[in-house]
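# What the coordinates show
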Amino acid sequence: MGAVMPELEASPFPFRSAPPVVKLVRTESANHPFALTVAAAWSCYGARPSSVERVLDVLAADGQPSDDVRAARRERAMRLYPELFEAGHHTTFQHAHFVFVLDGVSRLAIWSFFHQHPYYNSEQVSQRYREVSGKTMVTPDLPEPLLQIYQQAVQRALDGYRRLVELLTPDITARYARVFPARVKAQGPEAERRVRTAVQRHAQEVARYVLPLATPAHLYHTINGLTLLRYAVLAEQLDAPAEVRYIVGQMVQEVLKVDPNFLGTPERPLDLRALSLEDTLEYQVLTNFRDSLVHAADEAFFEEFDAALDGYSSKLVSYNPNAERLLADAVRAVLGLPRRALSDADAIARVLDPAQNPYLGHPLFLGMHSKLMLTLSHVTFTFQKRISGAEDAQSQRHRSIFASRPVLLAHLRPEADVIVPEDIARVPAALEEYHATIQALWNAKNRLLDAGVSPDVALYLLPNAHRVRFYETGSLLNYLWKWVKRLCFNAQREIFETARQETEQVKRVLPLIGQYIACPPCVLRDRAGTRPPCPEGERYCGIPVWRNYVFEDLADRRVL
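Definitions and cut-offs
Residues numbered from 1 in each chain as written. Predicted model: local features only at pLDDT ≥ 70, side-chain atom pairs only at ≥ 80, totals over all residues. Heavy atoms only, no water. Helix = DSSP H or I, 4+ residues; strand = E, 2+ residues; numbered from the N terminus. Contact = heavy atoms within 4.5 Å. Areas by Shrake-Rupley, 256 points an atom, 1.4 Å probe, with all protein chains shown as cover. Core = buried A, V, L, I, M, F, W, Y, C linked by side-chain atoms within 4.5 Å. Buried < 20%, exposed > 50% of the residue type's maximum accessible area, 1.4 Å probe, protein only. 1 Å grid on protein atoms, 1.4 Å probe; cavity = no way out; pocket = protein on both sides within 12 Å on 5 of 7 lines; lining within 4 Å. Points joined across faces, edges and corners; volume = space filled by probe spheres on them. Nonpolar A, V, L, I, M, F, W, Y, C, P; charged D, E, K, R; others polar. Patch = residues over 30% accessible without salt bridge, like charges linked within 9 Å, V, L, I, M, F, W, Y side chains within 5 Å. Salt bridge = Lys/Arg side-chain N within 4 Å of Asp/Glu carboxyl O. Pairing = 2+ DSSP bridges. Axes fitted to C-alpha atoms, helices over the stretch in contact; angles between N-to-C directions. Expected span 1.5 Å × (residues − 1). Bend = angle between axes of the 7 residues up to and from the residue. Parallel < 35°, antiparallel > 145°, perpendicular 65-115°, else oblique. pLDDT = per-residue confidence, 0-100.

Okay, the overall build of the protein next. In terms of regular secondary structure, the protein is built from 25 helices and 8 strands. The dimensions of the protein, computed from C-alpha atoms along their principal axes, are 85 × 75 × 55 Å. Pairs at least 24 apart in sequence give 79% of the contacts found in the protein among residues at least 6 apart. When the accessible surface of the protein is totalled, it reaches about 25,400 Å², and 52% of it is carbon and sulfur.

What follows is the structure, given as structure tokens:
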């Protein structure tokens, strides 16, 4: 089968809103992915590392009889590229990295596809630090009057967002004054601006729960060559919107502009076998899925799942009861010490106690490069989770913690299914506005489905607050970093509470390990002797959490 490029090139943007902008940042790695892959492969068998320049020189051979040697090398390079692909020697394709600037991409596309795997790096515009203007929203190409239903729902969400910012401001200002009384009392335009900005950012972070997944974002998105090839094959994921296909096509086009051989040569194209929607595993498993999706989701699933949570938003459902002995044994194995020379408690302390492990107080997370800290990877946890889409979008950034996130198309419910942020629940008027805004989006989503609109279009109207239910598994090594960062008082409140629940459960079942894991960055740094304890600078939460720290009091000490 030939290369996938013709299909991607012909793919139009099937929306009324302006298409996303896809720009490749030119780097040496991005400019020569074909030559870089071949050079890496040649280096495996050569006496010295091969170079990209050498491969480029070989590719320039014109094949004339006077240059038979170069022509033969050129033919070998052209043949090697698809052979590496077919044989599964894919690490050679990972040396080329592409930095894309994406603009106007929906939050739905980012959550469902571009952040749904571990092989990327993104820097995405924050809905805390930037107000959502709503001037441009991702808008599918719908006929009237369905387009009007869609646009009115989006506008209602934007109005609700702005109204919530207003309604939340007095309560947030009062709590901010409890933490920073001197700042609030300070006189002058700059002091007033500082307080106003801090309060507004917090209000925006909470109000964003009513924004629909149609809200666009801009981001830097870096992936390697192998990941881009996988994108091309799987751009038709079951609940990935049509815009994903367009964006991936533009990504490939951008790379082909700088290296026409990225998908192989015309004589030897890569056999990508791009999958259609019907070919995807999830589509085939969900038999007759379109009929079932138009109707209500099976409520029995939600009842069973929620009942099993026992009141948690993230419940520990699997761990090794012998994890502490396993971790201690692994530490002793690294050091070559018997149990009589290093007890379980001492072995665990060597890797988890900040007073004994200087890596824990370092600004870089050094665990992946430490032989002793890699012992934490033998301890794993699985959590059953019911959180908002807003929180899960943050959780995705911890890419080494793997989750089997839901096919949202199979989770559409006729009644609103959302979480209520604590900051909104505190203010009756805000709570009323919140439910009204959510209901307007939900009603519009149902009307579109009843009218026969494709379910993947209806997903754009789901608010950030919509609940997602799934299982997540990770090692202690990776959870440790997540818990430290998310127990910070600057972390969004919902993900903070999830981290608190998770560490509380681990402390209960694995006390030797648990005594070290449930602390925010400032506590960890203080115990490691790193100064200042808080690493946030001007973003300091205002509460010296590290003083007289007690985990059980953590949630009560948080004011904002």
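Picking up where we left off.
The subject of this paragraph is the nonpolar core. If you look at the biggest cluster of nonpolar residues, it comprises 170 residues, and the most contacted ones within it are Phe100, Leu228, Leu352, Phe381 and Leu476. It is helix α7 (residues 146–179) that contributes the most residues to this core, 16 residues altogether. Excluding residues that lie within four positions of it along the chain, Leu228 makes contacts with Phe98, Phe100, Ile223, Met251, Val252, Val255 and Phe262.

Turning our eyes to something else, we now look at the layout of surface pockets. In this model, the second largest pocket occupies a volume close to 630 Å³. Among the secondary structure elements, those contributing two or more residues to the lining of the second largest pocket are α6 (107–114), α10 (225–234), α12 (281–285) and β7 (402–403). Residue contributions to the lining of the second largest pocket peak at 4 residues, all from α10.

Moving on, we come to empty space enclosed by the protein. As enumerated under the stated definition, the model contains 2 cavities of 30 Å³ or more in all. Quantified by volume, the largest cavity comes out at close to 100 Å³. Together, 14 residues line the largest cavity, and Cys488, Phe489, Cys522, Cys534 and Cys541 are the ones closest to its centre. Partitioning the lining of the largest cavity into residue classes produces 12 nonpolar, 1 polar and 1 charged. Approximately 80 Å³ is the volume attributed to the second largest cavity. Lining the second largest cavity, in full, are Leu408, His411, Leu412, Arg413, Asp417, Trp442, Leu462, His466 and Arg467. In terms of residue class, the lining of the second largest cavity is made up of 4 nonpolar, 2 polar and 3 charged.

Next up on the list: a nonpolar patch on the surface. On the surface, a nonpolar cluster with roughly 220 Å² of combined accessible area is contributed by Val334, Leu335 and Leu337. Tracing the backbone through its elements, the reader meets Val334 in helix α15 (residues 323–335). Classification of Val334 by relative accessible area gives partly exposed; the value is 38%.

Strand order in the open sheet formed by 4 strands is β5-β6-β8-β7, and the pairing between neighbours is antiparallel. Two strands bound the open sheet, and with one partner strand each, they are β5 (314–319) and β7. Pairing between strand β6 (residues 380–388) and strand β8 (residues 467–475): 9 bridges, direction antiparallel. When the bridges of β8 are listed, Arg386 appears paired with Arg469. The strands touched by helix α14 (residues 299–308) within the sheet are β5, β6 and β8, with β8 carrying the most contacts at an inclination of about 50°.

The phi angle of most residues is negative, glycine excepted, and most peptide bonds adopt the trans form. Look at the link from Glu144 to Pro145: it is a cis peptide, with omega at 0°. Within the fold, Pro145 resides in the loop between β3 (121–124) and α7. For the peptide bond that leads from Arg531 to Pro532, omega is -5°, which places it in the cis range. Turning to its location among the elements, Pro532 is positioned in the loop between α24 (521–528) and α25 (554–557). You will see that Arg273, though not glycine, has its phi angle at about 50°, which is positive. Looking at the secondary structure, you find Arg273 in the loop between α11 (242–258) and α12. For Asp310, which is not a glycine, the phi torsion comes out positive at approximately 55°. Among the secondary structure elements, Asp310 is positioned in the loop between α14 and β5. On the basis of relative accessible area, Asp310 is assigned to the exposed category, the value being 53%.

If you check which residues of α24 are buried, you get Pro521, Cys522, Val523, Leu524 and Arg525. Along its buried surface, α24 packs onto α21 (476–486).

We now examine α7. Helix length check: α7, at 34 residues, gives a terminal C-alpha distance of 48 Å against a target of 50 Å (1.5 Å per residue), a fit within 8%. In α7, a bend of some 40° at Thr169 exceeds every other bend along the element, and Pro170, a proline, comes one to four places later.

Two numbers describe how α6 lies on α11: the axes approach to 10 Å, and their chain directions differ by 75°. When the axis of α6 is compared with that of α11, the two are roughly perpendicular. Together, Ala109, Phe113 and Phe114 of α6 and Glu243, Val244, Ile247, Val248 and Met251 of α11 make up the contact between the two elements.

Moving on: the confidence of the model for the protein. Residue-level pLDDT values for the protein average 92, and 95% of them are 70 or greater. Note on residues 1–6: pLDDT is under 50 here. Beyond four places in sequence and across chains, it has 18 contacts.

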